[in-house]
Amino acid sequence: MLISKKVILLGKFGVGKTSLIKRFVFQKFSEEYQTTIGVKVDKKILNIHGVELNMLIWDIAGETSSMRVPQSYKLGAHGVLYVFDVTRPSSYDNIQKELQEIGKLLPGVPVQVVGNKIDLLGDVRLQKFRASFFLEGVIYASAKEDVQVEEAFERLGKAILQ
Amino acid sequence: MAKDILFYKLKQILFDEEWSESRKLAQKLEEVNNKIENRKELQPRVEPILNDKVDFLQQNFSSLFGPQVTRTIKTQIKESQDEVVEALYPIIGKMIKKYIARELELLSEKIDRQLDNAFSWENLWRKIRAWFGGAAASDMIIRDSVEPKLEQILVIEQRSGLLIGSFSVTPSIDQDMTAGMITALKSFASDAFYREAEDLEMIEYETFKLLIRNFQSFYIVAAVSGALTQHFKNHIDDLILDFADKVLNKKQESTAIEKEMKTYFKKSVDANQ
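Trainee: Looking at this model, I keep getting lost on the interface of chain B and chain A. Mind explaining?
Mentor: Where interface size is quoted, it is often the accessible area lost as the parts come together. Of the residues lining the interface, 13 residues belong to chain B; the matching set on chain A comes to 17 residues. Taken together, the two surfaces of chain B and chain A that pack against each other cover about 1300 Å², and 64% of this comes from carbon and sulfur. One can count two salt bridges joining chain B with chain A. With a closest N to O distance of 3.1 Å, K43 of chain A and D174 of chain B form a salt bridge. The interface formed by chain B and chain A includes four residue pairs in polar contact (both at pLDDT 80 or more).

Set out below in structure tokens:
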């Protein structure tokens, strides 16, 4: 059975949303930063407990706040991957408020928070960061080194199907 | 001392009338001054004069200032041609568009007239087809050269952009992604141009068009190649409306819709060929 669902990636600019999608869908990574203009839609089919989940992934251009992203891009989403950069505090300073706003706009829609670019921190600093970070259930990933990327999308997929 | 008093009295006798006049004059001057400096006092007196002047200017503006204004505008245009072009460009563009549309209409009418006067079998056959098809003969000529063809139909959920069903005559790229991108484009257009209450209805390439028909919870995209005539557009609209009414509004499973689409639109494409 194939079920199609819309997943959107939100987060401030330059946190690695496009890189996560590239890694997840195409198994690729590029050091070159290219800002996303508008929206790019990709898809990947995941098999979750025998169910074929057709994920239509909307890579939405990052803004200084996800509330500045046109609402119509977010409407109808079945799942949200909220990405921040573990090395850039400005990308997660306001995260609780951003998540609240997303919850208001998309009530009941699962949101998976992903801390990207852990390769830049190293093990010790990452441990310290995780211990001090106030949010629970965050997946710490690296699109560059392919760490926990698939897991992030899979966990969101499972939550969508629940 | 007595001399001074006498002199003063003499002055009084001699200039009494003048002094009185002088006092009256000073008083009058003060009154006038008050009237000039006090707006409330001055306004009712000056307003009628000004109104008369304004009326006179309004009536005689062109004869009084016409030549100067013309000269100023001419100089201004000469000195800032770029700005003038920029300001006039949209207006001229619309005028040209209107003119071309009108000329095309005239051309179309001319073709019709010429066809009326022609007696060849080919023309007769074309006219018969036009009569039965309900299209203008000029449309038929255009259609014969670049006949419009339904290439693809996509039924897409309004907000999420998920593909509900599709039908394609020619192979195409991933339709799920196409559906998502068209939805994103629709959203972008309405956000960018503040047209939340309106919908994108057509995306036009030179010989390829995406006709978008919006419904409450879904929208249908018809990809058409060739010269899109009004008649073919109406035909597509009828097909879409009929399909939406017969199939989509009955809340079916996606697989069932896909199946129905193939049967429904294939029949229509075959009939059109």
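Trainee: Looking at this model, I keep getting lost on helix α7 (residues 230-246) of chain B. Mind explaining?
Mentor: Working note: α-helix, 3.6 residues per turn, so residues spaced by three or four point in the same direction. Residues and elements named next belong to chain B. Over its 17 residues, α7 extends 24 Å from the first C-alpha to the last, a length consistent with the 24 Å expected when each residue adds 1.5 Å. Inspection of α7 places F232, I236, L239, I240, F243 and A244 among the buried residues, and these make up the whole buried set. Viewed end-on, α7 has its buried residues packed into an arc of 125°, placing them on one side of the element. Those residues of α7 that are exposed and angled more than 90 degrees off the buried face are D238, L241 and D245.

Trainee: Please clarify how a nonpolar patch on the surface should be interpreted in this entry.
Mentor: A cluster of nonpolar side chains, F56, L57, F61, L64, F65, V69, I73 and I77 of chain B, forms an exposed patch at the surface whose accessible area comes to about 650 Å². Inspection of the secondary structure assignment puts L57 of chain B in helix α2 (residues 39-79).

Trainee: Help me understand the sheet that holds strand β2 (residues 163-168) of chain B in this model?
Mentor: Strand pairs in the sheet, formed through backbone hydrogen bonds, run parallel or antiparallel to each other. All names here are of chain B. Pairing is antiparallel in the open sheet, where five strands are placed in the order β2-β1-β5-β4-β3. Single-partner strands in this sheet number two, and they are β2 and β3 (202-204). Geometrically, the sheet is characterised by an average inter-axis angle of 15° between neighbouring strands, direction not taken into account. Two elements, β3 and strand β4 (residues 208-214), share three bridges in a ladder whose sense is antiparallel. By the bridge assignment, I203 is partnered in β4 with L210. The strands that helix α6 (residues 175-192) touches are β1 (149-157), β2, β3, β4 and β5 (218-225); relative to β1, the one it contacts most, it runs at about 75°. Packing of α7 onto the sheet brings it into contact with β1, β4 and β5, and relative to β5 it is tilted by some 150°.

Trainee: What am I meant to see in the pattern of salt bridges here?
Mentor: In a structure, side chains of opposite charge can pair up when their charged atoms sit close to one another. Applying the stated criterion to the full structure yields seven salt bridges over all chains. Residues joined by salt bridges that share partners form a network here, namely K43 of chain A together with D174 and D176 of chain B.

Trainee: Sorry, what's going on with the sheet that holds strand β3 (residues 51-60) of chain A here?
Mentor: As summarised here, the arrangement of the six strands in space is β2-β3-β1-β4-β5-β6 (chain A), forming an open sheet in which the pairing is mixed. On the outer flanks of this sheet lie β2 (39-48) and β6 (139-140) of chain A, each paired with one strand and no other. One ladder, built from four bridges, connects strand β1 (residues 2-10) of chain A with strand β4 (residues 79-85) of chain A; its direction is parallel. Within β4 of chain A, the residue paired with L10 of chain A across the bridge is Y82 of chain A. Contacts between α6 of chain B and the sheet are confined to β2 and β3 of chain A, with β2 of chain A contributing the most and set at about 140° to the helix.

Trainee: Can you walk me through the packing of helix α1 (residues 17-26) of chain A against helix α5 (residues 149-161) of chain A in this structure?
Mentor: Residue and element names in this part refer to chain A. For the pair α1 and α5, interaxial distance at closest approach is 9 Å and the crossing angle is 90°. Relative to α5, the element α1 is oriented roughly perpendicular. When α1 is examined against α5, the residues L20, I21, R23 and F24 are found in contact with a partner set consisting of V149, E150 and F153. In terms of residue class, the contact of α1 with α5 is built from five nonpolar, no polar and two charged.

Trainee: Where do I start with the pairing of β4 of chain A in this structure?
Mentor: Consecutive side chains along a regular strand alternate between the two faces of the sheet. Residue and element names in this part refer to chain A. For β4, a buried count of seven out of seven residues is recorded, marking the element as mostly surrounded by other parts of the structure. For β4 and strand β5 (residues 111-116), the ladder comprises six bridges, and the chain directions are parallel. Bridge pairing links V83 to V114 in β5. Once you follow β4 into helix α3 (residues 95-105) and on to β5, the crossover reads as right-handed.

Trainee: Is there a simple way to explain a negative patch on the surface in this structure?
Mentor: Residues and elements named next belong to chain B. Taken together, the side chains of D16, E17, E18 and E21 present a region of like negative charge at the surface. When you line up the elements, E21 lands in helix α1 (residues 2-37). E21 sits in the partly exposed class, given a relative accessible area of 46%.

Trainee: What exactly am I supposed to notice about the packing of aromatic side chains here?
Mentor: By convention here, two paired aromatic rings are described through the distance between centres and the angle between planes. Residues and elements named next belong to chain A. One pass over the full model with this rule turns up twelve aromatic pairs over all chains. When the centroid spacing of 5.2 Å and the interplanar angle of 15° are considered together, the rings of F129 and F133 count as stacked. Here the two residues F129 and F133 agree in accessibility, since each one is buried. Judged by centre distance (6.1 Å) and plane angle (85°), the ring pair of F129 and Y140 falls under edge-to-face. Taken as a pair, F129 in helix α4 (residues 123-132) and Y140 in strand β6 lie far apart in primary sequence, eleven residues in all.

Calculation criteria
- Sequence order sets the numbering: in each chain, residues are counted from 1 along the sequence as written.
- Starting at A for chains and at 1 for ligands, labels are handed out in the order in which the entities are written.
- In view of the model being predicted, local features appear only for residues whose pLDDT reaches at least 70, and side-chain atom pairs are presented and counted only at 80 or more, with totals across whole chains, interfaces and linings using the full set of residues.
- With hydrogens and water set aside, each side-chain value is computed from the structure's full complement of heavy atoms.
- By definition, residues are in contact when any of their heavy atoms lie within 4.5 Å.
- Two parts placed together each lose some accessible area under a 1.4 Å probe, and adding up what both lose gives the buried area.
- In the sections that follow, a salt bridge refers to a side-chain nitrogen of Lys or Arg positioned within 4 Å of a carboxyl oxygen of Asp or Glu.
- Two N or O atoms count as a polar contact when they lie within 3.5 Å, although within protein this holds only if one can serve as hydrogen donor and the other as acceptor, and sequence-adjacent residues are included solely when both atoms are side-chain atoms.
- Strands are runs of DSSP state E lasting at least two residues, helices are runs of H or I lasting at least four, and both sets are numbered from the N terminus onward.
- Here a helix's expected span is defined as the number of its residues, less one, multiplied by 1.5 Å.
- The buried label goes to any residue with under 20% of its type's maximum accessible area, the exposed label to any with over 50%, and the partly exposed label to all in between, with areas taken from a 1.4 Å probe on protein chains only.
- The arc refers to the directions leading from the helix axis to the C-beta atoms.
- Exposure above 30% relative accessible area and no salt bridge define the residues that can form patches, which grow by joining like charges within 9 Å and nonpolar side chains of Val, Leu, Ile, Met, Phe, Trp and Tyr within 5 Å.
- Areas reported here follow the Shrake-Rupley algorithm with a probe of radius 1.4 Å; residue values treat only the protein chains shown as occluding.
- Being paired, for any two strands, means DSSP has found at least two bridges between them.
- Angles here are taken between N-to-C directions and fall from 0 to 180 degrees, while the axes themselves are lines fitted to C-alpha atoms, restricted in helices to the stretch in contact.
- We call two directions roughly parallel when the angle between them is under 35 degrees, roughly antiparallel when it is over 145, roughly perpendicular when it lies between 65 and 115, and oblique otherwise.
- Gly falls in the polar group here, along with every residue not listed as nonpolar (Ala, Val, Leu, Ile, Met, Phe, Trp, Tyr, Cys, Pro) or charged (Asp, Glu, Lys, Arg).
- A clockwise path from the first strand over the helix to the second, with the strands pointing away from the viewer, defines a right-handed crossover.
- Only four residue types enter the charge count: Lys and Arg as positive, Asp and Glu as negative, with His and the chain ends excluded.
- Working definition for charges: the position is that of NZ of Lys, CZ of Arg, CG of Asp or CD of Glu.
- Two rings from Phe, Tyr or Trp (for Trp, the six-membered ring) form a pair when their centres sit within 6.5 Å of each other. Planes less than 30 degrees apart are called stacked, planes more than 60 degrees apart edge-to-face, and all others tilted.

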